[in-house]
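Structural overview
One letter stands for each residue in the lines below.
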Amino acid sequence: QSVYGDLLHSLVNPGQLDWNVAGDALHACLAASFTDTSAPLEQEEIQDILVGFGVNEALSASEVKAQTAALHDWVRSRWPQGIVRAEVPVSCGNGDGQILQGWIDLLVENPDGYVIIDHKSSMGSAKRLQEISEAYSGQLYAYASAVEIATGKKVLETWLFLPVIGMAICIS
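Read on for a plain summary of the structure. (Residues numbered from 1 in each chain as written. Predicted model: local features only at pLDDT ≥ 70, side-chain atom pairs only at ≥ 80, totals over all residues. Heavy atoms only, no water.)

Time to look at the side chain of S33. Here S33 is to be found in helix α1 (residues 19-33). Reaching out from S33, the side chain makes a polar contact with the side chain of H72 at a distance of 2.9 Å. If near-sequence neighbours (up to four positions away) are discounted, S33 is found in contact with L41, T68 and H72. (Helix = DSSP H or I, 4+ residues; strand = E, 2+ residues; numbered from the N terminus. Polar contact = N/O pair within 3.5 Å; in protein donor to acceptor, adjacent residues only side chain to side chain. Contact = heavy atoms within 4.5 Å.)

In structure tokens:
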């Protein structure tokens, strides 16, 4: 599902960009944008985040702002009654003596259950969407299991939001 245009066209030198750092910067911007939805993240604040990560020459603050706004619009339109929480910590045993620990990027609480949205800075075309969804489905399944155990409420859907290509993929 297309959420907004991709960020790739606004990159100066995508081949020279450290995508791990760029992904962390995008993630920080998206997370910060949900801390107080009544006070949208301003372009100057986004620029400061990008400068802090050293990716301000490659990523456009205005494009990141547009992508962040598109995510907010999409979440509000798709789950209008949802209460959105960013960076929700999760910890749960899996029954095999292992402990799952992580952070859910966005947890949307709806009257009938939850929606989990995870941000990934994966690049590529629509051809890679299946590959991307398979790569992260286990993580989303584990998060969903932990949320269901902790809350007793069902996880209705899990999504990957791909800000670099402006798409969201429903995993379940």
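After that view of the structure, there is still more to cover.
In this structure, E87 takes a positive phi of about 55 degrees despite not being glycine. Topologically, E87 is positioned in strand β1 (residues 83-93). Residue class for E87 comes out partly exposed when judged on its relative accessible area of 25%. (Buried < 20%, exposed > 50% of the residue type's maximum accessible area, 1.4 Å probe, protein only.)

Strand order in the open sheet formed by 5 strands is β1-β2-β3-β4-β5, and the pairing between neighbours is mixed. Each end of this open sheet is capped by a strand with a single partner; those strands are β1 and β5 (167-170). Taken over all neighbouring pairs, the strand axes of this sheet differ in orientation by 35 degrees on average, direction set aside. Alignment of β1 against strand β2 (residues 99-110), held across 10 bridges, turns out to be antiparallel. In the sheet register, P89 faces β2, and the bridge partner there is W103. Here α1 sits on the sheet and contacts β1, β2, β3 (113-119) and β4 (155-162); the angle it forms with β1, its principal contact strand, is near 115 degrees. Against the sheet, helix α3 (residues 61-78) engages β1, β2, β3, β4 and β5, with an angle of about 160 degrees to β4. (Pairing = 2+ DSSP bridges. Axes fitted to C-alpha atoms, helices over the stretch in contact; angles between N-to-C directions.)

Once that is clear, we can look at helix α2 (residues 43-53). Among the residues making up α2, those that are buried are I46, I49 and L50. The buried residues of α2 all sit within an arc of 95 degrees when viewed along its axis, so they share a single face. Turned more than 90 degrees away from the buried face of α2 sit E44, D48 and G52, all of them exposed. A positive backbone phi angle near 75 degrees is found at G54, which sits one or two residues after α2. (Arc of directions from axis to C-beta.)

Here we take up the packing of aromatic side chains. Under the definition given, this model contains 3 aromatic pairs. Centre to centre, the rings of W74 and W79 are 5.2 Å apart; their planes meet at 80 degrees, and the pair counts as edge-to-face. Each member of the pair W74 and W79 is classed as buried. Taking the centre distance of 6.3 Å and the plane angle of 75 degrees together, the rings of W79 and W159 count as edge-to-face. Here W79 is found in the loop between α3 and β1, whereas its partner W159 is found in strand β4, with 80 residues between them in sequence. Just as W79 is buried, W159 falls in that class too. A connected cluster of aromatic rings, assembled from ring pairs, spans W74, W79 and W159. Directly above the ring of Y114 sits K153, whose terminal nitrogen or CZ lies 5.2 Å from the centroid. (Phe/Tyr/Trp six-rings, centres within 6.5 Å; stacked < 30°, edge-to-face > 60°. Lys NZ or Arg CZ within 6 Å of the ring centre and 35° of its normal.)

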